[in-house]
2 protein chains.
Amino acid sequence: MKIPVVENVLKANDALATENRLLLDEKNIRAINIMSAPGSGKTTLLQKTIEDLKGELRCGVLVGDLQTTRDAERLETSGAPVVQINTGRGCHLDAMQVAQGLRSLDLDAIDLLFIENVGNMVCPAGFDLGEHYRAILLSIPEGDDKVAKYPTLFQKADVVLLTKIDLSLVLHFRVQQVREDLAALQAKVPFIELSTVKQQNLEEWYGWLRSIAGGTMTG
Amino acid sequence: MKIPVVENVLKANDALATENRLLLDEKNIRAINIMSAPGSGKTTLLQKTIEDLKGELRCGVLVGDLQTTRDAERLETSGAPVVQINTGRGCHLDAMQVAQGLRSLDLDAIDLLFIENVGNMVCPAGFDLGEHYRAILLSIPEGDDKVAKYPTLFQKADVVLLTKIDLSLVLHFRVQQVREDLAALQAKVPFIELSTVKQQNLEEWYGWLRSIAGGTMTG
């Protein structure tokens, strides 16, 4: 009884995700699904990114959280259009919620759409939202064993961002372990070590964003 | 169609959880479900706890992870009996997995059973495993907004542990905000600020464990 229902849910989600991607393609928008554990620095990185790319790339954000509009409030100070999606007890965003969120945005005024998923290293990985790319954050305090422990998330990454590298001064973290675990999952994935606090290597991330904004569609 | 299936899954889980609790009660074991985001320090705290309580309380561990036996290997060095439960793509432990894990342990040789859940602040909260108590970890690097953002997890806590407080020297974290958000969810819950690295306030946590190991059953 159970398995067919799960399959139907996923099929319905995938069909909606495809519709979302077609709409985004039509509007010439590239969408990036941002995923990580809670507290890896998704919102802080997006705040900084939107400010630094102002005048160059027009950014919009859909942000998912169980409760509160705190992330949306933080992101709104950047001046970008932001829609908060509250999932209640839901552990990830789905394509239906993204479709609803897209209706609240002026899609003619956006080049890059960031979809900040619910902080969770498991469930978001299974749901296509209609994005073109997946960016996964891993922060130094979380530990260097997380790629091996959450392979489903990392094996679908289009870029992996190692955040809070300023904390590697006080915390023991084997970057080489993470690189090896990623290599075991994927032939190659861009891997950027950065710090928003110390403004380290942000240009590398912006370079990746510029490359996808100017690249061909994948959807 | 969907809601009845979810209800049946939860009902089946709850029935098994009740069986697990009865078995634990019969064996005079107190079980604690340990939940947090990935990288909050669950395994490190348990390693230290088991070592420090050696000769006083006999500990056992069931540890859940999607993949790998890394946590179990770390915990085994403490000398305690440890069973690794790999959940595959499953985002939380369930009562069936715990029931299977219990069969691999000598229940006559355990006073305290730690059940280390999958690192995830959403899904584990919804599933009774048959535990008597729920301990929730929140680490300083995750940020002081997490109680408000993940209320479902924190409102069922029997004790909240603020971990990695040694990092409050380098990271801005408003402990008062966390205390206020907890107070808004629950009338009162024990709140312990600790660091395993600096060995701060571990005695407070051990005191709580002693109190439940000597207390009356709740199941």
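A quick note: this is a predicted structure, and the numbers were derived from the prediction, not measured. (Residues numbered from 1 in each chain as written. Chains lettered and ligands numbered in written order. Predicted model: local features only at pLDDT ≥ 70, side-chain atom pairs only at ≥ 80, totals over all residues. Heavy atoms only, no water.)

1. Some details on the interface of chain A and chain B
So, point 1. With 38 residues of chain A in contact, the opposing surface of chain B contributes 38 residues.
So, point 2. Together chain A and chain B conceal approximately 3000 Å² of surface at their shared face, both sides included; 63% is due to carbon and sulfur atoms.
So, point 3. Its largest share of buried area at the contact with chain B, chain A owes to Pro38, Arg70 and Lys149 of chain A, together 19% of the area lost on that side.
So, point 4. Our enumeration of links across chain A and chain B arrives at 6 salt bridges.
So, point 5. At the boundary of chain A with chain B, the tally comes to 8 residue pairs in polar contact (both at pLDDT 80 or more).
So, point 6. Looking at the side of chain A that touches chain B, the elements with two or more residues in it are helix H1 (2–26), helix H3 (70–76), helix H5 (146–149), helix H6 (151–154) and helix H7 (175–185) of chain A.
So, point 7. Here the side of chain A that touches chain B is built from residues that sort into 17 nonpolar, 9 polar and 12 charged. (Contact = heavy atoms within 4.5 Å. Buried area = accessible area lost by both parts, 1.4 Å probe. Salt bridge = Lys/Arg side-chain N within 4 Å of Asp/Glu carboxyl O. Polar contact = N/O pair within 3.5 Å; in protein donor to acceptor, adjacent residues only side chain to side chain. Helix = DSSP H or I, 4+ residues; strand = E, 2+ residues; numbered from the N terminus. Nonpolar A, V, L, I, M, F, W, Y, C, P; charged D, E, K, R; others polar.)

2. Observations concerning the sheet that holds strand S2 (residues 59–65) of chain A
Residues and elements named next belong to chain A.
So, point 1. Read across the open sheet, the 7 strands follow the order S3-S2-S4-S1-S5-S6-S7; overall the sheet is parallel. The open sheet has two edge strands with one neighbour each: strand S3 (82–86) and strand S7 (191–193). On average, each strand axis in the sheet is tilted by 20° relative to the strand beside it, whichever way the strands run.
So, point 2. Strand direction decides the pairing type here: S2 and S3, joined by 5 bridges, are parallel. (Pairing = 2+ DSSP bridges. Axes fitted to C-alpha atoms, helices over the stretch in contact; angles between N-to-C directions.)

3. Observations regarding helix H2 (residues 42–52) of chain A
Given 3.6 residues per helical turn, the α-helix brings residues three or four places apart onto the same face.
So, point 1. Counted residue by residue, H2 of chain A has 8 buried out of 11 residues, so it is predominantly covered.
So, point 2. Within H2 of chain A, burial applies to Lys42, Thr43, Leu45, Leu46, Gln47, Lys48, Thr49 and Ile50 of chain A. (Buried < 20%, exposed > 50% of the residue type's maximum accessible area, 1.4 Å probe, protein only.)

4. Focus: the pattern of salt bridges
So, point 1. Applying the stated criterion to the full structure yields 30 salt bridges over all chains.
So, point 2. Residue Asp128 of chain A pairs with Arg21 of chain A through a salt bridge whose shortest N-O separation is 2.8 Å. Taken as a pair, Asp128 of chain A in the loop between strand S4 (112–116) and strand S5 (133–139) and Arg21 of chain A in helix H1 lie far apart in primary sequence, 107 residues in all. Exposure class is identical for Asp128 of chain A and Arg21 of chain A. Each is buried.
So, point 3. Put simply, Asp144 of chain A and Arg174 of chain A hold a salt bridge, and the shortest N to O gap is 3.0 Å. Residue Asp144 of chain A is found in the loop between S5 and H5, and its partner Arg174 of chain A is found in the loop between strand S6 (159–163) and H7; the two are separated by 30 residues along the sequence.
So, point 4. The partly exposed category is assigned to Arg174 of chain A, whose relative accessible area is 40%.
So, point 5. The structure contains a network of salt bridges with shared partners spanning Asp65, Asp71 and Arg74 of chain A together with Asp145, Lys146 and Lys149 of chain B.

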